[in-house]
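# Residue-level structural notes
Letter by letter, the chains look like this.
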Amino acid sequence: MPTLNQMLRAYADALTPWAKAAARRMLEDVNARNLQDWRQMSATLSEELRRKVLRAPVGQVTEELLALQVDLIKSIPLDAAQRVQRLTLEGLEDSTRASTIAREILRTSEVSKARATLIARTEVSRAAMTLTQARAEVVGSVGYIWRTSGDGDVRDSHKAMANKFVRWDEPPTLDGMQGHAGCLPNCRCFSEPVLPE
């Protein structure tokens, strides 16, 4: 067990350069799409607001998102190591057959894949929302209208937020978690910034 945990921890550490590069590529892509959306919207804005949006300081926001995403990517093998260790210890305590423990340990890759998918989905959405917020605040926006994807998979708590005004500095708490539209796990909601007159 210590050897497996040590190997997974070393693997998590070895992921750092790759995780930074992968997260940076994702953030650059999301930022480019977000900026394009703002350019389209700013076509109807005044020239001064357009300049502010295009020059919005998103560097610090991007670096904070990058650090968060690297930590999340690196957590996948560490979570796998903890799961294997927990399964083994529980099996020893419960006198579970080795073959049963082995089957559950083999399922760890499925669990890790599901977690990776959740992280990717959530972090792309969080990045888009955070960049939208940074650009909206530069032009004087104090909040947004919460929009849902409008389909049957929208959670009840998110349906209740639909079309409500939310201040940037007061993210709501839904299902025990605090966050803006698109920033909660598997949230497909989005913000529609309310811009000053």
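Being a predicted model, the structure only gives us computed values, none of them experimental. (Residues numbered from 1 in each chain as written. Predicted model: local features only at pLDDT ≥ 70, side-chain atom pairs only at ≥ 80, totals over all residues. Heavy atoms only, no water.)

## Let's talk about the packing of aromatic side chains
Using the criterion set out here, one finds two aromatic pairs in the structure. Their ring planes at 35 degrees and their centres at 4.8 Å tell us that tyrosine 144 and tryptophan 168 sit as a pair that is tilted. Here tryptophan 168 lies in the loop between strand S2 (165–167) and strand S3 (173–174) and tyrosine 144 lies in strand S1 (residues 143–147), a separation of 24 residues in the sequence. Relative accessible area serves as the criterion here: at 3%, tryptophan 168 is assigned to the buried category. (Phe/Tyr/Trp six-rings, centres within 6.5 Å; stacked < 30°, edge-to-face > 60°. Helix = DSSP H or I, 4+ residues; strand = E, 2+ residues; numbered from the N terminus. Buried < 20%, exposed > 50% of the residue type's maximum accessible area, 1.4 Å probe, protein only.)

## Some words on the environment of tyrosine 144
The exposure class assigned to tyrosine 144 is buried, which follows from its relative accessible area of 0%. Spatially, the C-alpha atoms of tyrosine 144 and alanine 181 are 9.4 Å apart, while their sequence positions differ by 37 residues. Not counting residues within four places of it along the chain, the set of residues in contact with tyrosine 144 comprises Met129, Lys164, Phe165, Val166, Trp168, Pro172, His180, Ala181, Ser191, Glu192, Pro193 and Val194. Here alanine 181 takes part through its backbone nitrogen, which lies 3.1 Å from a polar atom of the side chain of tyrosine 144. (Contact = heavy atoms within 4.5 Å. Polar contact = N/O pair within 3.5 Å; in protein donor to acceptor, adjacent residues only side chain to side chain.)

## Some details on the pairing of S1
In terms of residue burial, S1 counts as a mostly covered element, since four of its five residues are buried. As paired strands, S1 and strand S5 (residues 190–194) are joined by five bridges and run antiparallel to one another. Within S5, the position partnered with tyrosine 144 by the bridge is proline 193. (Pairing = 2+ DSSP bridges.)

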